[in-house]
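# Observations on chain architecture
Below are the chains, spelled out letter by letter.
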Amino acid sequence: MADDHPQFNARLTERIDIHPQLGRFRVAFDDGTAPDFTPGQFATLGLPHRRDPETGQTPHDRQGNPKLVRRAYSIASPATTRDHLEFYIVEVDNGRLTPSIFHLHEGDHLHLGPKIAGHFTLDPVPPGQNLVMVGTGTGLAPFLSMYETYRGNNRWGNFVLMDGCRVAQDLGYLDRLRGYAEDDPHFFYAPTVTREPDGSGWDGHRGRVNALMEADRFEAEFGFPLDPATCHVFLCGNPAMIDQVEADLLERGFVVETKETPDGSLHFERYW
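Figured I'd write up the structure that's included with this text. Please read all numbers here as calculations on a predicted model, not as lab measurements.

## Observations regarding the sheet that holds strand β8 (residues 159–165)
Strand order in the open sheet formed by six strands is β10-β9-β8-β7-β11-β12, with parallel pairing between adjacent strands. On the outer flanks of this sheet lie β10 (205–206) and β12 (266–270), each paired with one strand and no other. Here strand β7 (residues 130–136) pairs with strand β11 (residues 231–237) via six bridges, running parallel. Within the sheet, the bridge partner assigned to M133 lies in β11 and is F234.

## Overview of the packing of helix α2 (residues 141–150) against helix α3 (residues 174–183)
At a closest axis distance of 13 Å, the pairing of α2 and α3 adopts a crossing angle of 40°. For the element pair α2 / α3, the angle class is oblique. As for how α2 packs across α3, the hand of that crossing is left-handed. Where α2 abuts α3, its residues L144, Y147 and E148 lie against R176, L177 and Y180. Across the contact of α2 with α3, the residue classes tally to four nonpolar, no polar and two charged.

## Brief notes about α3
Among all positions in α3, only L174, L177 and Y180 are buried. Seen end-on, α3 carries its buried residues on one side only, within an arc spanning 130°. When the buried face of α3 is taken as reference, the exposed residues oriented beyond 90 degrees from it are D175, E182 and D183. In this structure, the buried residues of α3 make contact with α2, β8 and β9 (187–193).

## Remarks on the pattern of salt bridges
Tallied over the full model, the rule gives ten salt bridges. The partner of D198 in a salt bridge is R206, with the nearest N and O atoms 3.9 Å apart. The class of D198 is exposed, set by a relative accessible area of 73%. Judged by relative accessible area, R206 falls into the partly exposed class, the value being 35%. Between R252 and D248 there is a salt bridge, with the nearest N and O atoms lying 2.6 Å from each other.

The rules behind these values
Residues numbered from 1 in each chain as written. Predicted model: local features only at pLDDT ≥ 70, side-chain atom pairs only at ≥ 80, totals over all residues. Heavy atoms only, no water. Pairing = 2+ DSSP bridges. Helix = DSSP H or I, 4+ residues; strand = E, 2+ residues; numbered from the N terminus. Axes fitted to C-alpha atoms, helices over the stretch in contact; angles between N-to-C directions. Parallel < 35°, antiparallel > 145°, perpendicular 65-115°, else oblique. Left-handed = near helix turned anticlockwise from the far one by under 90°. Contact = heavy atoms within 4.5 Å. Nonpolar A, V, L, I, M, F, W, Y, C, P; charged D, E, K, R; others polar. Buried < 20%, exposed > 50% of the residue type's maximum accessible area, 1.4 Å probe, protein only. Arc of directions from axis to C-beta. Salt bridge = Lys/Arg side-chain N within 4 Å of Asp/Glu carboxyl O.

So, in structure tokens, the structure goes:
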């Protein structure tokens, strides 16, 4: 991959492979810094289009430079980290960008958009509320950033993090988050898998995250009710999960936060 594109302004400083199609990618500007952001926001990564397998050509702009494919990724690192942004990325088969990201080596150049964006943050949530974060796959990223940035600051009452994946090896932060749950009595980590083989040794939850949201099960699991008066729920990841949980919680009195209902206690961000 060419390392001299005029829009390259950052480098991959570290990559941590969870398995061949899932990893953590740490990126910093060429001067070794990272932009300011609010936990829950996203940044844009960019690399040149891949060559067309039939023509062997790469699209170019008017200046003759290879066009970049840009995609937005939620930031997984805490806002207190100043020397990199961490991204939690799964490789998409035949994707336009992620296969190129997974070909990067530490030290390789890429584009990092200088503008951080997004409104999926804790700004609308009054201090002291219980937070229920429901993520599927790499939708975990913004919640990790939120927790690691604000933990110990009395920003919330309780913080529940539901982490839904297909198999246990997709739980890329499992050990770290279990450690937080052991140390913090107000942090609850609930990983759950849908396709883990029987007899694999997995001893955690099985099934979709929706099941953990059932009223009686939720209160028994976490020790407090899932009540719109005291809880704010954030959903991130698979749109089907978001649609299902949204429909259920609307029936239970939750209101989606919008410009018209800024006090709503249900927030979501779809990944595609």
